[in-house]
Amino acid sequence: MLVSAILTAGLYVVMSYGLALIYGVMRLINLSHAGTMMLGAFIALTLNRAFHLDPILGSLIVLPLFFGFGVVLYALVVRRIARSAPIVSLLLLFGLWLVLQNVAYLIWGNEDQSIVTPYTYLSLRVGFLSLAVTRLIVFAAGLAALAVLAWFMSSTYTGKAIRAVSLNYEASRLAGINVERISALAFGLGTGLAAFAGSLLTLLFSFTPDFGGVFQTKAFAVIVLGGLTSFVGVAVGSLLLALVESFGVLFIRASLQNLIAFGLLFVALVFMPGGVTSLFLSRRGGRG
Amino acid sequence: MRKFMTSAAVFGLLLAACGGGAPAGAPGASTGPGGAPPAKPSAAASAAAPAASGGASAKPAASAGAQPAASGSVAAAAGADIKLGTVLPITGAFSASGKYFQQGYEMAINEANAAGGIDVGGKKMKIALDLLDDGSNATTSRSLVEKLVTQDKVNALLGGYDTTLVQAQEVVPDQYKIPMVEGGGAASAIFSRGFKYVFGTLQTIDKLGTITMDFLKSEVDQGHLPKPTKIALVWENTDHGKDYQKGIQDYVKANAGLFTVVLDQSFELNGTDFTALLTQVKSSNADVFLSDAHLPDYITMHRQYTQQGLSHKLVSYAARGPDQKAREALVPTADYLVAGLWWSPELPDPKSQKFAADYKAKYNATADWFQALAYDTARVMFAAMTKAGSLDGTKVRDALAGLEFKDTILPGGVLKFEADGRPNTPYLMVQNLPDNAAQIIWPKDIPGFKPATVPMKK
């Protein structure tokens, strides 16, 4: 059960980075995150059907494609409301989710779709454990994305600028950072990561244009648990949610599993709004 | 942080407003006599899923808020003498099953219209179907059924799919004294609310639990399963699932020593991740895995079941097994699964074979029980109208109550309704075989019976 929880955490990590990045830089809750994940899944499906492209390779194509889509979306729409009251951006992005969903209905219809690869049903035997190859792939992708993002944020000028804007928007602007450009890049990267996650999720789930709603809620819980802006926090939040969900079914009915995410969200918002990582930081005398 | 808290509150409200997911669109379709030409979709339809397939015509969409459908549906029905109304999940979680029901209804209507219509009081009357899409949403479903009755003035109602949506719909017929026959809801609770205008062609789920256990008992008796057989039982947290669980548990209690339930867990309908639940199933060391799941959950759960390397001597997803959509998604991993069904294309009687062949010819696919039940649901309504000699709601209702429908394709050969509206028809059990085949494995006295492969081949 522990191993299963860790693999599930990998899944949550992959789908939460994009949400955390956009919130970190722009203080926007991207309600179109689910729609982008869903579109990423359908693009992976189309690539698979048209060119027999494996979803893993498909996800690597989807990532830059949706990065561009996100940048364009930012320039045309999101930029105009980026500094508005929260309700404005929430409604706009919620509307965008509905538009994306209906576009998918028109293009792909409403039937359950799934991608079956030669390794879809393969498992790896490790002692008495049987590990689904697809889950291992998604887990590895989560770790790889974390490593790349950590490197990008700490070793490149753009990454450092993103971190700076995330910490203090006004001070960054005064320091000469082109915050508009950084915001566009962050929104593009967040959108790309969401679509990347959607493509990878096709390895695990069947999907329709309704796909992504539950995952979006869980991603939201994850980033709140993780402290909203930290990628390491996202990983910690993912692990915490996956562990509580997995072991929670020992004590409550599995039908109430989604309640756990909402419960954790509530607890985090009320008792540790800075996330789990803030507890560790404050104990070490760091920034809370 | 205050800004974030405000955002979080609005986020929660938005999610609550759409039930945790985005609201579905509600396009419709209308089948007129002889296949009426499609009504031109309105601008609103462009924001919704196309509902039509296999002869249905696209109809202007209603919004998710159950806005009145544009006149397209009524126009398509204008040339007909009888207007039947139905609200189906053409979009959303149950869209695949909803479309199967649409196909079954259309086959029955087209067949009747091709024969010149049905005889009502000595006059041949043609039929049109007014179909609306509830997006798999129960609240929308109930509103749209009411709209069919009050605005579209349909003569009778054909039910939706699944149990939760039928339960939402079933309050309307008695209110307006319009009869409804449904073949998509099987929870016994549908028939325990005292409604007089609701009839079902789908045998209730508690009896599915019973026949499944009858079959398991025969396998224990033959030595194919150990004694006692350890059962891991999981069920969707709906009346459908509760009926199944009760049927299994009651049987186990009545047959002490033969079976032990080592896990009894519910799960959320339309779930996305069953990993934790399946880990519990694995830990239970059961011989048999029984799960009551709808089609999307069956596909997701069995995919994850296989990926987690689970294996049992026998696996059943209750009424799911040979469903074509699932077999496409699950490929060989669905082989040897066992299912309790209301109809199967493996039934050798001529009427079933003709239906299966007609369906194959029209849709180039193998018929499942969904289409067969929808087909018979519509035909039993026609038979009641003929028997009543009138389209009056109360007279058709009375005719349904006393009907003996001998032209049925369902097992048993005669479809009758009990006093509470549930049908008398029996279940049959089938087992998936390689190459998308299936065979009837229970009861022993049913035509086409062949012994099951237990334990399942890996």
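Let me sum up the structure you'll find in this document. For clarity, every value in this text was computed on a predicted model and none was experimentally measured.

Helices and strands together make up the secondary structure of chain B, namely 14 helices and 16 strands. Across the 458 residues in chain B, those meeting the buried criterion constitute 63%. The contacts of chain B with a sequence gap of at least 6 include a subset with a gap of at least 24, amounting to 68%. If you sum the accessible surface of chain B, you get close to 14900 Å²; carbon and sulfur atoms cover 54% of it.

Here we come to the environment of methionine 153 of chain A. Residue and element names in this part refer to chain A. Position of methionine 153 among the secondary structure elements: in helix 5 (residues 133–155). In this structure methionine 153 comes out as buried when scored by relative accessible area, which is 6%. A sequence separation of 71 residues divides methionine 153 from alanine 82, and the C-alpha atoms of the two residues are 22 Å apart. Beyond its immediate chain neighbours, meaning those up to four positions away, methionine 153 contacts Leu21, Gly159, Lys160, Ile162, Arg163 and Phe231.

What follows deals with the pattern of salt bridges. Residues and elements named next belong to chain B. Taken as a whole and judged by the stated rule, the model has 16 salt bridges over all chains. The salt bridge involving glutamate 146 is made with arginine 142; its shortest N-O contact spans 2.6 Å. Taken together, the residues span about one helical turn, with glutamate 146 and arginine 142 both in helix 4 (residues 138–150) at a distance of 4 residues. Aspartate 287 is the partner of lysine 313 in a salt bridge, and the nearest nitrogen-oxygen pair spans 3.4 Å. Here lysine 313 is found in the loop between helix 10 (295–307) and strand 13 (314–316), whereas its partner aspartate 287 is found in the loop between helix 9 (275–283) and strand 12 (288–292), with 26 residues between them in sequence. Look at the salt bridges and you will find they share partners, linking Asp376, Arg379 and Asp407 into a network.

This part takes up the interface of chain B and chain A. Contacts between chain B and chain A engage 57 residues on the former and 62 residues on the latter. Counting each side, the surface lost to burial between chain B and chain A is near 5000 Å², with a carbon and sulfur contribution of 58%. If you look at where chain B meets chain A, you find 1 salt bridge. Among the ionic pairs, arginine 135 of chain A bridges to aspartate 273 of chain B, the shortest N-O distance being 3.0 Å. For the pair chain B and chain A, the interface holds 8 residue pairs in polar contact (both at pLDDT 80 or more). Mapped onto the side of chain B that touches chain A, the elements with two or more residues apiece are helix 1 (2–17), helix 3 (95–114), strand 11 (259–267), helix 9, helix 10 and helix 11 (324–330) of chain B. With 9 residues, the single largest contributor to the side of chain B that touches chain A is helix 1 of chain B. Classifying every residue of the side of chain B that touches chain A by side-chain character gives 27 nonpolar, 21 polar and 9 charged.

Let's shift gears to the nonpolar core. Generally speaking, nonpolar side chains in soluble globular proteins are found buried as a group. One finds Leu84, Phe215, Leu216, Trp343 and Trp369 of chain B to be the most contacted residues of the largest nonpolar core, which totals 92 residues. Looking at which element gives the most residues to this core, the answer is helix 13 (residues 369–388) of chain B, with 13 residues. Those residues in contact with leucine 84 of chain B that lie beyond four places of it in its chain are Ile109, Ile127, Ala128, Leu129, Asp130, Val154, Ala156, Leu158, Met381, Phe382 and Met385 of chain B. Ala34, Leu100, Phe196 and Met272 of chain A belong to the second largest nonpolar core, which has 90 residues in total.

So, about the environment of glycine 393 of chain B. Residue and element names in this part refer to chain B. Note that glycine 393 resides in helix 14 (residues 393–401). Residue classification places glycine 393 among the buried residues on the basis of a relative accessible area of 10%. Between the C-alpha atoms of glycine 393 and isoleucine 178, which are 215 residues apart in sequence, the distance is 4.8 Å. Those residues in contact with glycine 393, other than ones at most four positions away along the chain, are Lys177, Pro179 and Tyr197.

Residue and element names in this part refer to chain A. A cluster of nonpolar side chains, Leu2, Ile6, Leu239, Phe247, Leu250, Phe251, Ile252, Leu256 and Leu259, forms an exposed patch at the surface whose accessible area comes to about 810 Å². Where the nonpolar patch is concerned, the elements lending two or more residues are helix 1 (2–26) and helix 10 (231–248). Within the fold, isoleucine 6 resides in helix 1.

Criteria and thresholds
Residues numbered from 1 in each chain as written. Chains lettered and ligands numbered in written order. Predicted model: local features only at pLDDT ≥ 70, side-chain atom pairs only at ≥ 80, totals over all residues. Heavy atoms only, no water. Helix = DSSP H or I, 4+ residues; strand = E, 2+ residues; numbered from the N terminus. Buried < 20%, exposed > 50% of the residue type's maximum accessible area, 1.4 Å probe, protein only. Contact = heavy atoms within 4.5 Å. Areas by Shrake-Rupley, 256 points an atom, 1.4 Å probe, with all protein chains shown as cover. Salt bridge = Lys/Arg side-chain N within 4 Å of Asp/Glu carboxyl O. Buried area = accessible area lost by both parts, 1.4 Å probe. Polar contact = N/O pair within 3.5 Å; in protein donor to acceptor, adjacent residues only side chain to side chain. Nonpolar A, V, L, I, M, F, W, Y, C, P; charged D, E, K, R; others polar. Core = buried A, V, L, I, M, F, W, Y, C linked by side-chain atoms within 4.5 Å. Patch = residues over 30% accessible without salt bridge, like charges linked within 9 Å, V, L, I, M, F, W, Y side chains within 5 Å.

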